[in-house]
Amino acid sequence: MPIKENARKYMRVTVAKTAKNKVAKGVVKSAIKKTREAVSAGKFDDAKKFYQEAQKAIDKAAEKKIIKKNTAARKKSRLNAFVKKAATAPVAAPKTKKK
């Protein structure tokens, strides 16, 4: 344990900030996960809506310096590419067995 009062206060502040940052990172991760799951399920309208929510969460986290701005840009870019690629990909017909 720290001896000085200022060091004790810094520990308390660090615990509070860490908890707050974990919540914000969790919001970002869950928004990205929702978007990817919607794309995988073939619900492209929902995926676009979830992408906008994810974009908002990523921007907020970058604004608060929870994640770096380049990391935010990379996450948004990759997620957008994933959604666009899935939306424009042709739907495969179910395979039938030939006899």
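Figured I'd write up the structure that's included with this text.

Reading guide: rules and limits
- Residues numbered from 1 in each chain as written.
- Predicted model: local features only at pLDDT ≥ 70, side-chain atom pairs only at ≥ 80, totals over all residues.
- Heavy atoms only, no water.
- Axes fitted to C-alpha atoms, helices over the stretch in contact; angles between N-to-C directions.
- Helix = DSSP H or I, 4+ residues; strand = E, 2+ residues; numbered from the N terminus.
- Parallel < 35°, antiparallel > 145°, perpendicular 65-115°, else oblique.
- Left-handed = near helix turned anticlockwise from the far one by under 90°.
- Contact = heavy atoms within 4.5 Å.
- Nonpolar A, V, L, I, M, F, W, Y, C, P; charged D, E, K, R; others polar.
- Phe/Tyr/Trp six-rings, centres within 6.5 Å; stacked < 30°, edge-to-face > 60°.
- Lys NZ or Arg CZ within 6 Å of the ring centre and 35° of its normal.
- Expected span 1.5 Å × (residues − 1).
- Buried < 20%, exposed > 50% of the residue type's maximum accessible area, 1.4 Å probe, protein only.
- Salt bridge = Lys/Arg side-chain N within 4 Å of Asp/Glu carboxyl O.
- Core = buried A, V, L, I, M, F, W, Y, C linked by side-chain atoms within 4.5 Å.

Section: the packing of helix H1 (residues 5-41) against helix H3 (residues 69-88)
In contact at an axis separation of 10 Å, H1 and H3 are set at 15° when each is read in the N-to-C sense. Taken together, H1 and H3 sit at an angle that is classed as roughly parallel. Helix-helix and strand crossings are classified by hand; for H1 and H3 the assignment is left-handed. Contacts from Ile32, Thr35, Arg36 and Val39 of H1 reach H3 at Lys75, Leu79, Phe82, Val83 and Ala86. Grouping the amino acids of the contact of H1 with H3 by side-chain chemistry returns six nonpolar, one polar and two charged.

Topic: the packing of aromatic side chains
Scanning the entire structure with this criterion turns up zero aromatic pairs. Above the plane of the ring of Phe82 lies Arg36, whose end atom (NZ or CZ) is 4.4 Å from the centre.

Concerning H1
Here H1 spans 54 Å end to end across 37 residues, near enough to the 54 Å set by a 1.5 Å rise per residue. Along H1, the residues classified as buried are Val28, Ala31, Ile32, Thr35, Ala38 and Val39. Residues of H1 that are buried sit in contact with helix H2 (44-63) and H3. Gly42 sits one or two positions beyond H1 and adopts a positive phi of about 85°.

Some thoughts on the pattern of salt bridges
Proximity of charged atoms lets side chains of opposite charge pair with each other. Scanning all chains against the criterion turns up two salt bridges. The salt bridge partner of Arg8 is Glu5, with a shortest N-O separation of 3.4 Å. With Arg8 and Glu5 both in helix H1 and three residues apart, this pair spans about one turn of that helix. Judged by relative accessible area, which is 49%, Glu5 ranks as partly exposed. In this structure, the salt-bridge partner of Asp59 is Lys76, at a minimum N-O distance of 2.7 Å. In this pair, Asp59 is assigned in helix H2 and Lys76 in helix H3, connecting sequence segments 17 residues apart.

Overview of the environment of Tyr51
Structurally, Tyr51 is set in helix H2. Of the residues examined, Tyr51 reaches a relative accessible area of 11% and is grouped as buried. Sequence-wise, Tyr51 and Val83 are 32 residues apart; in three dimensions their C-alpha atoms are separated by 8.0 Å.

Structural notes on the nonpolar core
By size, the foremost hydrophobic cluster in this structure holds 18 residues, and its most contacted members are Val28, Ile32, Ile58 and Ile67. Top contributing element to this core by residue count: H2, with eight residues. Here Ile58 is in contact with Val28, Ile32, Ile67, Ala72, Lys75 and Lys76, once residues within four sequence places are set aside.

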